[in-house]
Amino acid sequence: GIRKRFLGLIVDAEEYKLKLPDDKKTKILSQIDYLLKHAGRVDTKTLHSVVGTIIATKDAIPGVRAWTRDLYALVSAAEKARNRVIALDQKAIAGLTFLRTHIPHWAPVDLPLHAKEVDIELMTDAGEHGYGGHIRHQTTEHCGVLPGNLVGTSSTERELYGLERVAETFCTHLQGKRVRF
């Protein structure tokens, strides 16, 4: 099948599924284990980073926002109070424990769109120094070099830059159409 890693998730374009990649799953589980082991004294920046990583999986893990709400509240309160170290409360520990137990077993979720609901599929990708894209089932392509200020930035920034450039290039093909990215 056609599988692409996009924004840290695996998109299966033939089965219309969204999946958390195994390496990301392993990383998140390791981070959760660390937080649970050190629940009495956690660095606020570390907690913030882990919570952000977990929340970024919201499209592949249904309900993840609900299970991270207490963690996010702790991060916000600690940052507001300028605390560099924080103790996890029972609600935060319960949320982490739930995620630790269930993430390994989460099945891929359906993508919100189905083939009959779109007119055009715009496929894009970005690497460390460049980007490219095409309209699926057409020979029209566009690629380019990333500007210097994006080299070495997050893959999200590079992917979004590439998507924007490719969409601008194909705007006459996309106008008035239902487009899947």
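For clarity, every value in this text was computed on a predicted model and none was experimentally measured. Along each chain, residues carry numbers from 1 onward, in the same order as the chain's sequence is written. In keeping with the model being predicted, local features are shown solely for residues with a pLDDT of at least 70 and side-chain atom pairs are shown and tallied solely at 80 or more, while totals for entire chains, interfaces and linings include all residues. Note that water and hydrogens are dropped before the side-chain values are worked out from all heavy atoms of the structure.

**Some details on helix H1 (residues 22-37)**
Applicable threshold: In DSSP terms, a helix is any run of H or I states spanning at least four residues, a strand is any run of E spanning at least two, and both are numbered starting from the N terminus. Given a helix with a known number of residues, its expected span is that number minus one, times 1.5 Å. Classification of residues uses two cut-offs on accessible area relative to the type maximum, computed with a 1.4 Å probe and protein chains only: under 20% is buried, over 50% is exposed, and between them is partly exposed. Directions pointing from the helix axis toward each C-beta atom define the arc. The criterion used for residue contact is that any of the two residues' heavy atoms lie within 4.5 Å.
The terminal C-alpha atoms of H1 lie 22 Å apart, and with 16 residues this matches the ideal 22 Å at 1.5 Å per residue to within 8%. Residues of H1 that are buried: Lys24, Lys25, Ile28, Leu29, Gln31, Ile32 and Leu35. Projected down its long axis, H1 shows its buried positions confined to an angular sector of 160 degrees, all on one face. Exposed residues lying more than 90 degrees from the buried face of H1 are Thr26 and Lys37. Turning to H1, the residues buried within the fold contact strand S1 (3-6), strand S4 (42-43), helix H2 (44-55) and helix H4 (90-102).

**Description of the sheet that holds S1**
Pairing between sheet strands relies on hydrogen bonds along the backbone, with the strands arranged either parallel or antiparallel. Selection rule: Two strands are counted as paired when DSSP detects at least two bridges linking them.
The strand order across the open sheet formed by 4 strands is S1-S2-S3-S6, and the pairing between neighbours is antiparallel. Each of the sheet's edge strands pairs with one partner strand only, and the pair in question is S1 and strand S6 (109-110).

**Overview of the nonpolar core**
What counts is decided by this rule: Among buried residues, the Ala, Val, Leu, Ile, Met, Phe, Trp, Tyr and Cys ones that are joined through side-chain atoms within 4.5 Å form a nonpolar core.
Judged by nonpolar contacts, the single largest core of 30 residues is most densely connected at Leu47, Leu88 and Ile103. Listing elements by their share of this core, those giving two or more residues are H1, H2, helix H3 (64-80) and H4. The contacts of Leu88, once residues within four sequence positions are left out, are Leu35, Ala39, Val42, Leu47, Leu71, Leu74, Ile93 and Leu96. Of all hydrophobic cores here, the second largest spans 12 residues; its members include Ile120, Ile135, Leu146 and Leu174.

**Re the sheet that holds strand S9 (residues 141-145)**
Counted only if it meets this: Convention adopted: a line fitted to C-alpha atoms gives each axis, helices being fitted over their contacting stretch, and angles between N-to-C directions are expressed from 0 to 180 degrees.
Strand order in the open sheet made by the 4 strands is S9-S8-S7-S10, with mixed pairing throughout. Among the strands making up the open sheet, the edge pair consists of S9 and strand S10 (179-180). Examined bridge by bridge, strand S7 (residues 120-126) and strand S8 (residues 130-135) share 5 bridges and lie antiparallel to one another. Looking at the pairing, Asp125 lines up with Gly132 of S8. Here helix H5 (residues 155-169) sits on the sheet and contacts S7, S8 and S9; the angle it forms with S7, its principal contact strand, is near 135 degrees.

**A closer look at the pattern of salt bridges**
Any two side chains of opposite charge can pair if their charged atoms end up close together. In plain terms, the rule: By definition, a salt bridge exists where a carboxyl oxygen of Asp or Glu is found within 4 Å of a side-chain nitrogen of Lys or Arg.
Inspection of the entire model under this criterion finds 7 salt bridges. Note that Asp59 and Lys58 form a salt bridge whose closest N and O atoms lie 3.6 Å from each other. On the basis of relative accessibility, which here comes to 45%, the residue Asp59 falls in the partly exposed class. The salt bridge partner of Glu168 is Arg165, with a shortest N-O separation of 3.2 Å. One end of the pair is Glu168 and the other is Arg165, both in helix H5 and 3 residues apart, which spans about a single turn.

**Notes on the layout of surface pockets**
Counted only if it meets this: Here a cavity denotes a set of grid points, spaced 1 Å apart and computed over the protein atoms alone, in which a 1.4 Å probe fits but from which it cannot get out, and a pocket denotes an open set meeting protein on both sides within 12 Å along at least five of seven lines; residues with an atom within 4 Å of a point are reported as lining. Grid points are joined across faces, edges and corners, and a volume is the space filled by probe spheres set on the points. Any residue that is not Ala, Val, Leu, Ile, Met, Phe, Trp, Tyr, Cys, Pro, Asp, Glu, Lys or Arg is counted as polar, Gly included; the first ten are nonpolar and the last four charged.
Quantified by volume, the largest pocket comes out at close to 760 Å³. Forming the walls of the largest pocket are 29 residues, and the residues nearest its centre are Lys4, Phe6, Val11, Arg180 and Phe181. Of all the secondary structure elements, the ones that give two or more residues to the lining of the largest pocket are S1, strand S2 (9-12), S7, S8 and H5. When residues in the lining of the largest pocket are grouped by element, the largest group, 5 residues, is from S7. Tallied by class, the residues present in the lining of the largest pocket amount to 15 nonpolar, 7 polar and 7 charged.

**Focus on the side chain of Gln31**
Along the chain, Gln31 falls in helix H1. Those residues in contact with Gln31, other than ones at most four positions away along the chain, are Val50 and Thr53.

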